[in-house]
Amino acid sequence: MTVADTLRVMLALLAMTSVAVICTGAAVAGEEQNRALHFESDIRPLLKAHCWHCHGEESELKGGLDARLVRSLLKGGETGASVVAGRKEDSILWQRIQAGEMPPGKKKLSTEELSLIGQWIDQGIQTKNVEPEVFSADIVLREEAEQHWAFRSIHPSEVPAIRNAQLAANPIDAFLLSELEEHDVSFSDKADRATLIRRASFDLTGLPPSAEAVERFVNAESEDAWPQLIEELLASPAYGERWGRHWLDVVGYADSDGYTEQDPERKWAWKYRDYVIRSLNADKPWNQFIVEQLAGDELLTPPYQDLTAEQADQLTATGFLRMGPDGTSSSGVDQNLARNDVMADTIRVVSTSILGLSVGCAQCHEHRYDPISQSDYYRLRAIFEPGYDWQNWRAPNERLVSMWSAEIRATAASVDAELADVSRQRTEALDAIVAETFERELQKLPAELQPLARSAREAKPDQRTEAQNQLIREYPFLNVDRGSVYLYLPDRLTGFNKTWDDRTEEVRKKRPADDLVMCLTEVPGQVPVTRVFSRGDFQQPRDEVQPGELTVLNSGDFRISPDDELLPTTGRRLAYAKHLTSGHHPLVARVLVNRFWMHHFGRGLVGTPSDFGVKGERPSHPELLDWLASDFMREGWSLKRFHRMVLTSNAWQQTSVRRPELEAFDPENRLLGRMSIRRLEAETVRDALLASSGQLVNKQFGSPVPVSPDDVGQNILAIDTRDSAGRPSGTVIPLGDEEFRRSIYAQVRRSMPLSVLEPFDLPTMTPNCEQRASSTGPSQSLLMMNNEFVRKQSEQIAQRIIRENGSEPRAQIESLWMLLFSRRPDSEDISTATEFLMADAAAIAAGVSPPGDGSVPGSTPAAADASSHVPLAHLCHALISSNGFLYVD
């Protein structure tokens, strides 16, 4: 086909598409025109978003108009009735909006929204229900809840019957096939085994499979080979690290406070990270996992001493509520504002991670889209207020709890007593030197002055006579003390300080190392009052509110006691956590299984995992979502069981090849007629490089590997040796094997993201990451081409290949393909790679520097003869920069 032919075809397609869009738009418009409109479902959401702030929510109504009920609109305000049934042109509401006078400001209603209001008026301003005489927020919230799918109770559907039942390995397949069969299509073919093991390994562990594991699985004859592989991956310690990373995103995990440029380190945050990894590896039920994170401290008894390992985990779990940015330990901030910001960020983390809702809009006014009142927001805040009492604030370091046992505390107390004794002895010895110095200097005065000088020294400063003060001014030694004696005996004091410093350090070494937990606790007996803040301003407190669930989610008679008499603390968070995990909550299980699904398929059944509200996406398969949520709760809240069900489904095992019949009606693959290709996340790219080079260190847990800027401003894994002005010292302290640990153990500094990860959409924790982006941009290619870490890994991979396969090119290429792509190369791969190696070796022999080897153009690279590893390293560099390495098929 010629270029002209191609253009004609494209123009024809565009014309067809335009006609289809026009026809479809006309049909939709016609349907909208004929549909009966109602205030509750069609008009109230528009007025709530654009008008209620001035005409309903404030104590003083602008223009005297309340826009929250139709009867109020009919009553009108200072200018009379706002609507006239059947006549939009005579309705002031429509006139003011059409003229652009309302709402004030830049944000206006769209043409479609204005048209909707006009149609509703012309149709006679209908309502679905008889309106109350007086506006009731609770009634409105319940009505809106009934209209939105996510706020209704979870009712699992029956597994649907499908035409091709043999294609359904489990209920997941049946639900998906039911939708596909409506379009007369089915699943794509099953992916080959090499593709499946690579997909499963990255999915469950975030690491590539070993060449031996690929060969073993591909050649296995047992029918149980696939479920056995899944069990092996689930049993791997790497599983908890992989899926822990997913949860740490939405929690907002960080090893620093953020909020200010100072960004202080959180030295003990890593204990929460380790708790998450251990919990997931142990397949801790998620109802228990959530309760511990929201209220682990309330499962225990203060003062949290002599805890068992399980109890320590429960306390550590509340680090979940301490992950938001916290500027209260930094100088130069408005403390009251910073404290309330901590509370707001904590509520955002809880609501987006567990409820799948963003409630922050209701901090200042009624939520513009979701049925969440401002009082609802502060009822939710009241649940957490006893732990974050902003008027009796505890700084971050004051919240740390020691995990020392009674024996260790006794040892520490003994050492502290010894240190105090050493300090006392040092002070006594120094006082003797001061006295000696005074007496020696005193003898230098005339005999008649000595009694007067001694009296002047011994007199209290505020009781000295003018003569005594004059004497001291003339003879400064009369004021010699511990701080100034150094001026008289510099050499002696240098030796003195070294002796006592060494002695103090020797004793200090006996003291046990600190073992602290960053957690959230309450002060027993301290129950703060929570008030609604007018416009969200803490300086304008209004009505007191009691702790409680969002009205829209409280279908029963659930109540939270303000202060549980059976507990030493208020018990508010514990009551709320048990309510959330009771099995009757409409959101929690839906939100969780949707997130799990997203990490398996690249997209959730609900495409907005932290927004199940009115503005969020509707589920692509609502019946499947509810079935999964119900099954998840009924079967023990087990995530590993969920993994088994997903990975043994035929849907997950499909090939990712695009099919024209699918692209015609589902180009985004919402219905999952094939598998979606996914790019590796930032941390997974780095981990895969280390695994491929053989340098990956599988050490688990412990304090994070530090991050520091290098001399060119790149943030790398290194000990921070900058001076007080932030300037690099030029000294590099080797990290040893720590440098090659998995990325989940790298320090997460909000102000210093690790540079090798940043271009691959590394999330910014402000306060958390609700859903990672997955972009493709030039910065990623530039990093893979030029970054020193990537280039070193290319060389390490090449050296590994030579070590394990010798110098024969074909064997090297076959091993390299298996290492990087988990498959054997085909004949074209071998031919192309061989040609690359030969051409690269020839260029090196001719003294030409191939791109990316770091040599000056035209020079002969040192030790880069044709028989060296350099050509193979260049091939490795090219392959790890390819889509085959960076994407999972």
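All values reported here derive from a predicted model rather than from experimental measurement. (Residues numbered from 1 in each chain as written. Predicted model: local features only at pLDDT ≥ 70, side-chain atom pairs only at ≥ 80, totals over all residues. Heavy atoms only, no water.)

**Some details on the overall build of the chain**
Now for step 1: Summing up its helical and strand segments, the chain has 32 helices and eight strands in all.
Now for step 2: Principal-axis analysis of the C-alpha atoms gives the chain an extent of 115 × 90 × 55 Å.
Now for step 3: In the chain, which comprises 889 residues, the proportion classed as buried is 50%.
Now for step 4: Counting every atom, the chain has about 41,300 Å² of accessible surface; 52% of that belongs to carbon and sulfur.
Now for step 5: Charge separation in the chain, taken as the distance between the mean sites of 95 positive and 130 negative side-chain charges, equals 3 Å. (Helix = DSSP H or I, 4+ residues; strand = E, 2+ residues; numbered from the N terminus. Buried < 20%, exposed > 50% of the residue type's maximum accessible area, 1.4 Å probe, protein only. Areas by Shrake-Rupley, 256 points an atom, 1.4 Å probe, with all protein chains shown as cover. Lys, Arg positive; Asp, Glu negative; His and termini not counted. Charge placed at Lys NZ, Arg CZ, Asp CG, Glu CD.)

**Quick look at the pattern of salt bridges**
Now for step 1: Taken as a whole and assessed by the stated rule, the structure comprises 61 salt bridges.
Now for step 2: The closest approach of N and O atoms between Asp416 and Arg511, which form a salt bridge, is 2.7 Å. Note that Asp416 is positioned in helix α17 (residues 406-442) and Arg511 in the loop between α20 (490-508) and β2 (516-517), a separation of 95 residues in sequence.
Now for step 3: The residue Lys699 makes a salt bridge to Glu738 at a minimum N-O spacing of 2.8 Å. (Salt bridge = Lys/Arg side-chain N within 4 Å of Asp/Glu carboxyl O.)

**With respect to the domain arrangement of the chain**
Interface size is often expressed as the accessible area that is lost when the parts come together.
Now for step 1: Here the domain parsing of the chain yields domain 1 (3-135), domain 2 (165-239 + 615-663), domain 3 (285-403 + 521-586), domain 4 (406-508) and domain 5 (786-888).
Now for step 2: One C-alpha centre belongs to domain 3, the other to domain 4; they are set 52 Å apart. (Domains from an automatic or database assignment.)

**Concerning unusual backbone geometry**
Now for step 1: Looking along the chain, the bond that leaves Pro302 and enters Pro303 is cis, with omega of 10°.
Now for step 2: Phi angles above zero are rare outside glycine, and Asn669 is one such case at about 60°.
Now for step 3: Its location among the elements puts Asn669 in the loop between α25 (660-663) and β5 (678-679).
Now for step 4: A relative accessible area of 5% means that Asn669 is categorised as buried.
Now for step 5: Positive phi, close to 60°, is recorded for Ser822, a residue that is not glycine.
Now for step 6: For Ser822, the position within the fold is in the loop between α29 (809-821) and α30 (827-845).

**Considerations on the layout of surface pockets**
Now for step 1: Approximately 840 Å³ is the volume attributed to the second largest pocket.
Now for step 2: The set of elements that each furnish at least two residues to the lining of the second largest pocket consists of β6 (707-709), β7 (715-717) and α28 (788-805).
Now for step 3: The greatest single-element share of the lining of the second largest pocket, amounting to seven residues, is contributed by α28. (1 Å grid on protein atoms, 1.4 Å probe; cavity = no way out; pocket = protein on both sides within 12 Å on 5 of 7 lines; lining within 4 Å. Points joined across faces, edges and corners; volume = space filled by probe spheres on them.)

**As for the packing of aromatic side chains**
How two aromatic rings sit relative to each other is set out by the distance from centre to centre and by the angle between their planes.
Now for step 1: Considering all chains together, one arrives at 26 aromatic pairs under this definition.
Now for step 2: When the ring of Trp247 is compared with that of Trp286, the centres are 5.1 Å apart and the planes differ by 90°; the resulting orientation is edge-to-face. You can see Trp247 sitting in helix α11 (residues 237-251) and its partner Trp286 sitting in helix α13 (residues 286-295), a full 39 residues away along the chain. The exposure classification of Trp247 matches that of Trp286, with both residues buried.
Now for step 3: Here Phe496 and Trp500 contribute two aromatic rings whose centre-to-centre distance is 6.2 Å and whose plane-to-plane angle is 50°, an arrangement assigned as tilted. One end of the pair, Phe496, and the other, Trp500, are both in helix α20, four residues apart, so they sit about a helical turn from each other.
Now for step 4: With a relative accessible area of 11%, Phe496 lands in the buried category.
Now for step 5: Trp500 sits in the buried class, given a relative accessible area of 11%.
Now for step 6: Among the aromatic residues, those joined into a ring-pair cluster are Trp247, Tyr272, Tyr275, Trp286, Phe289, Phe320, Phe596, Phe632, Trp637 and Phe642.
Now for step 7: The ring of Trp652 carries the charged tip of Arg199 above its face, separated from the ring centre by 5.4 Å. (Phe/Tyr/Trp six-rings, centres within 6.5 Å; stacked < 30°, edge-to-face > 60°. Lys NZ or Arg CZ within 6 Å of the ring centre and 35° of its normal.)

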